[in-house]
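# Descriptive structure summary
The residues making up each chain are set out below.
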Protein chains: 2
Amino acid sequence: MPPFPSPEPGTDLLLAAAFVSDAQYNRNIPFKTSPEAVRLYRLYNHWVMRRATYFFIFLNLSLALFEEPAVYPLPFLATSVLEVLCLLVFLGRLIHFAKVTLHNVFWKDTKNICIVVAILLSLTDLAVYGVLRLYGVRSIRWSRIVRPVFLINFAESRQIRRAFRSIRNTLPEITYVFLLFMFSLLMFSLMALKLFGERNLQTAEGLPYFRNYLEIVFDLYVLVTTANSPDVMMPAFDFSSWYALFFIAFVIVNTYIFMSLFLAVVYNNYKKHLKNEIRKLAYMKRRKMVEAFNLLKEQEGEQFVVKEAQWKQLVKLVAPDTSSSHRELLLRISDDEQKGFVDKKSFVQLADLLNIQVVTLRIRRHPLARWAPALYGSAPSRLLRGAVRHRAFVWTYDAIILINAIFIALDEESPYISYAEWVFLALYIIEILLKVYTYEPREFFGKTQFWNWFDTLIIFAALTATILNATLQSTMKYNSQQILDIVFILRVLRLIRIVDSIQRFQVIMNTLINIVPTMLTFGGLTLVVYCVFAIIGMELFHGKIQYFPANSNAPHALECGNPALKDSLFARGRYCKNNFNDFASSFIVLMELTVVNQWHDIPCGPAKLYFIAFHIVMVIIIVNIFVSFILEAFFVEYSLEKSEVETAIEQKIQELGMGVQEDELQQEQLLDNMESVEHELEGEGGMKAQSKGLVFKIASKRYRTVDALLQRMFEAEIPLEDEGPSFEEILNLSPSSAVPRSPSSESAA
Amino acid sequence: MPPFPSPEPGTDLLLAAAFVSDAQYNRNIPFKTSPEAVRLYRLYNHWVMRRATYFFIFLNLSLALFEEPAVYPLPFLATSVLEVLCLLVFLGRLIHFAKVTLHNVFWKDTKNICIVVAILLSLTDLAVYGVLRLYGVRSIRWSRIVRPVFLINFAESRQIRRAFRSIRNTLPEITYVFLLFMFSLLMFSLMALKLFGERNLQTAEGLPYFRNYLEIVFDLYVLVTTANSPDVMMPAFDFSSWYALFFIAFVIVNTYIFMSLFLAVVYNNYKKHLKNEIRKLAYMKRRKMVEAFNLLKEQEGEQFVVKEAQWKQLVKLVAPDTSSSHRELLLRISDDEQKGFVDKKSFVQLADLLNIQVVTLRIRRHPLARWAPALYGSAPSRLLRGAVRHRAFVWTYDAIILINAIFIALDEESPYISYAEWVFLALYIIEILLKVYTYEPREFFGKTQFWNWFDTLIIFAALTATILNATLQSTMKYNSQQILDIVFILRVLRLIRIVDSIQRFQVIMNTLINIVPTMLTFGGLTLVVYCVFAIIGMELFHGKIQYFPANSNAPHALECGNPALKDSLFARGRYCKNNFNDFASSFIVLMELTVVNQWHDIPCGPAKLYFIAFHIVMVIIIVNIFVSFILEAFFVEYSLEKSEVETAIEQKIQELGMGVQEDELQQEQLLDNMESVEHELEGEGGMKAQSKGLVFKIASKRYRTVDALLQRMFEAEIPLEDEGPSFEEILNLSPSSAVPRSPSSESAA
């Protein structure tokens, strides 16, 4: 129990807590400072509210699955009620937000205005469509394309907004390169028209070749994406081999040089703006911490400080679920000399301290060592545990995985092979049990033990599915294809673990794992673009192409139900299922367009413009941003691998002797009187802690996001005394003003 | 005439000149220091010798065009005589090189050993092949694939060797990522086998779908290159929409993430090694300059210096074609206080000073102003020149170009349009004449006036071709298609000039123009890879596919002469001309493979391995290096655009008042007594020069190569006093040892 009484916290404390919490999570909302508003603001930021908002955003987006043209049709009434519900939730959230922010700030913020406009548009459209429907008139639900606005503009999706801001900032430069690229394309098309237009050449399909200027432009644009190479070249090449030079020049200039130039421009801007954003965040954090300090400061001798009791209450408010020993550690770091107060310089670090995931380890005996010490400590048990800890244990299982891979590749028909599957499953389960027997279970399933979790989940899912399948098979003589598919996939996934045994692969895997959180941002970005294009695509092309199962007797089954497609490459390639007839199909078509191939086999005119627009948005801009992001992530990861920066907290943990290396944990000599109940540690905190078997560990460096890494790099550059510019100045920082003081994140290798 | 007698230069001077010259051109040959060797070394570096070597390297490579299977067949005797000639030249060059370098150094250098081995192999193979041929036995000319060795290993092609070194250094890291990528590919293939193998699905061509593991691996590898998307997905997708998820996951992981990772690894290593190489070059240059200084130094008071006379002789030897006034300028910079000698610190800068292209301008009257001053100075003439200088003149011609573009796009048939062509041609010629009338002709056609040269060449080529065509047409009633084609292309190229009128485009164009020299390196690299693969491809696939012109009656004309291709996508797409039947066709096929599309429509087995090998080498490694290079070039260009570094020489020119801005040149007030014969300027040099109308100008910053820019950046970081490590140490510098002192070339934006 806490040693000091916990009074109802004062407004200053609440306000300070709101500042610190904002600083900790890099939130940027100018809230009112009245007690009421601060309380509302804390509610606004509550995780339940945030999750609920996300839920309704995705519900709203997924409505497209149930509206006509639908994958799973629902009556119009049902979807419209759901949509109104979503809109009401958004409105409520917005009103809540309006209550906590200043009036003039609220209406100056474009994202709020966007939401209001989107809600009004959606409601209007819904009403108009409903009324028209009552009178039997079919109109277009055009407001559906504004739905992604909610995903972009709600304050929760800061990352997606940042990505959009980055795109907006890159647009002017991209535009210049794009104009030059278009100029080059038009020039080459003009040459092609002059060279081939009068030759009466024919394509492989017997169509006229390069007669019409606009068609040439389109064909050459497609060639830039390499999708129609070498078809577009063949007629001219057949006519004279020298004409190949024209196409080679075209490909070098447009496909190689210009496309690389796009990547260069996008990457350069991405890097520039990313650094600017992160600088803003760092300054904003500093400024908020100073505000919080000013609220709580008391005079102590010459300087202003925050008293220990105040400080502890603040930390409790900001991070209610930290353990008291963790809090004690933070205090020891902030109040280095144990003077009973925290000075300004240490105080502003609090947000960072809270952000560092400190794992409080209690080195404890294995549960079995407590319950059956004699058995667990016996010689065979020790031998077994020694064997599991030995490297040969890992190697054995690597070998088993390899043999397993061969068995999977073999034919399933033979009964011996399917028995072997049971053997492998048993071996994997034994491995997990042995490991749990050897290592402390709570340690084994720690938050950062990615591969342990991965293994266990895969194996148990496979076990469940296999048993389920066997049961179904023996009792009902029925083979569920879905379950079998899942079993197959799980079996193969099991093999992935072998990658983690090789040191060099770990580095690459870490990069890949660190990329995942920000990949979700790109997922959001892609979702927005896909939604908009899918909805437009459905309106434009719905029903143009039909899919008939093989052996269908429907008329024009081979031409996808469209006589115009007779003998087209589209029908011949059996692409009929690539259509815009429902939301899911549209997504898959757009995915194929993103991959860029065969997208030119589309017959009709407006489709071409649609596809070019999609290509420009998705491939030239978003895929390049994605590549830039991976490049940057790799470089950051790579430069950190060499010179890992140690922060104050890590040093402090080491100093206090409370640190522990991961491998030390696996040694048993630390396992003496380690088990202890949670303990209040006052005053001399840390040292006592260690004697109680309490050990802190910085959460593994392997699982940090690129954003956090970059931010830390930049913060190291701001001197601790620097309060940074004012809020207004921070918001107006531009990348160019960043130049003189921003860090060079590349270790200049 | 030079004011001092030019005695036969001493050995020390020659040796020093060799050092300075090596430093100037970044050559790195440890030559012997005997008088004989130094003389031979100067001969070795003579431009005629170097050009000749290049000529024979390319002759040797182009022999493949004339050897069977040949584009232009020559008898075996002719090609073998040519080859022996080439080999003898290479041998001679190598012996020459051996004479100038130290014996043990020569045999330690792998490139020399490579050349020797390549010559021996080629001769042996040639002899064996010739003898077997005499007895009527046909064997394989396998030594042809060693021919690119000469291109790589002759000292002249330093850039290409550097690129190869960079590839070699990148290989280990690439290999790890590649193994992980292959692992992922094999895993996905295993899943695909399990999921789809038993379903009896069929592809659009009615072939079995995903039955055989190796075929699945190949199909999915092709999907990574996106070439068979969406065909490879359609059968599974038609069976169940959910299976699309498998392919989406595959594309995200392998096409997007892994391919970006390849780029990241290649780019990261490229950057790292590039910086190391450039650091080596900079140190090497410094060291050589110190050696040269030590040879020539004489005591002068407390310090060692080089006397003015010695210095001048040295410069004359190193750069015989600099004007004496240029030499005077360099002396003024090196001997700042005109003490009659150059100290060490200034001396080591000489190589850089020589490298800076200083254009010696003599501001002179327009020739017409001399020959017909009354006419040229008359009011109408002044008005005309004023008009040409006016911005409206540029705008007018931009408008004319646009109108011209429309006319080109219009149909040629109408006689008015073809008359219009003459009008436009006349307008362009008038423009050039007016400009030459207004600006001084030698200034107008200066070395750095890229666009003036471009314009003039294009216009006069078009004029010549058009007249030639008209003559042929009217006299012989014959329309030469080749000439017409050239006329068409020239007409369109003319339009490019409009790009240079827009400031923003100029920046991008500069980047593109600066990239050209290093693009030639990549051209060399590509040539090497293409040659090797083309020669192997010809041996493997020669004659497998035949091309028949349309309407041919040959059997199997529609199946490319190969019955196995009946009904294949290859024959249906009329790809018959894409074959390995001769060197040129092979190159075009390899180009298509580089672009990556449709390359999977190849029937036979060994071809698959060949194509995968080519894809790995060309697309994964070389194209990524190319993209890295463009990215780096763009970033360097971009960071320099902001903060251009001024070097000592530029400041000096300004200080001496000899500098001139480009726009100043166009003002007439400087045109007083400006014309002067070349003059020896002693002692007070520069100042007198100006009064004589002599003006120096640093060659435009627009046309510098990326290499030079990077090198300059790095050199700015080495303190002037630093002599750098010894030669041996320099050669062993590794990128990691570079870290502490290398510059961060990014302006941290």
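Structure: see above.
From a predicted model like this one, the values you see are computed outputs, not experimental measurements.

## As for the interface of chain B and chain A
Every contact between the two is made by 101 residues of chain B and, on the other side, 100 residues of chain A. Inspection of the region where chain B meets chain A yields two salt bridges. Here A:Arg199 makes a salt bridge to B:Asp485, at a shortest N to O gap of 3.2 Å. Inspection of the region where chain B meets chain A yields 14 residue pairs in polar contact (both at pLDDT 80 or more). Looking at the side of chain B that touches chain A, the elements that each hand over two or more residues are helix H8 (158-196), helix H10 (234-239), helix H11 (244-296), helix H19 (391-409), helix H23 (481-494), helix H24 (503-541), helix H26 (583-595) and helix H27 (605-642) of chain B. Counting residues per element, the side of chain B that touches chain A draws most heavily on H11(B), at 15 residues.

## Some thoughts on helix H18 (residues 379-389) of chain B
All names here are of chain B. Within H18, the full set of buried residues consists of Ser381, Arg385 and Val388. Buried residues of H18, viewed axially, fall in a sector of 60°; they line one side. Exposed side chains of H18 directed beyond 90 degrees from the buried face belong to Ala379, Pro380, Arg382 and Leu383. In this fold, the buried residues of H18 make contact with helix H17 (373-377), H19 and helix H20 (415-438).

## Description of empty space enclosed by the protein
In this structure, the largest cavity spans a volume of roughly 1,100 Å³. If you trace the largest cavity, you find 35 residues lining it, with A:Thr226, A:Met259, A:Val623, B:Met259 and B:Val623 closest to the centre. Listed by contribution, the elements that provide at least two residues to the lining of the largest cavity are helix H11 (244-296), helix H26 (583-595) and helix H27 (605-642) of chain A together with H11, H26 and H27 of chain B. For the lining of the largest cavity, the class distribution of residues is 21 nonpolar, 14 polar and no charged.

## Some words on the relation of the copies chain B and chain A
Each copy superposes on the other: chain B lies on chain A with an RMSD of 0.1 Å after a rotation of 180° and an axial shift of 0.0 Å. What the rotation and shift describe, once combined, is the action of a two-fold rotation axis. Counting the interface residues of chain B, we find that 99% of their copies in chain A are interface residues as well, pointing to one common contact surface.

The rules we used
Residues numbered from 1 in each chain as written. Chains lettered and ligands numbered in written order. Predicted model: local features only at pLDDT ≥ 70, side-chain atom pairs only at ≥ 80, totals over all residues. Heavy atoms only, no water. Contact = heavy atoms within 4.5 Å. Salt bridge = Lys/Arg side-chain N within 4 Å of Asp/Glu carboxyl O. Polar contact = N/O pair within 3.5 Å; in protein donor to acceptor, adjacent residues only side chain to side chain. Helix = DSSP H or I, 4+ residues; strand = E, 2+ residues; numbered from the N terminus. Buried < 20%, exposed > 50% of the residue type's maximum accessible area, 1.4 Å probe, protein only. Arc of directions from axis to C-beta. 1 Å grid on protein atoms, 1.4 Å probe; cavity = no way out; pocket = protein on both sides within 12 Å on 5 of 7 lines; lining within 4 Å. Points joined across faces, edges and corners; volume = space filled by probe spheres on them. Nonpolar A, V, L, I, M, F, W, Y, C, P; charged D, E, K, R; others polar. Least-squares fit on C-alpha atoms with pLDDT ≥ 70 in both.

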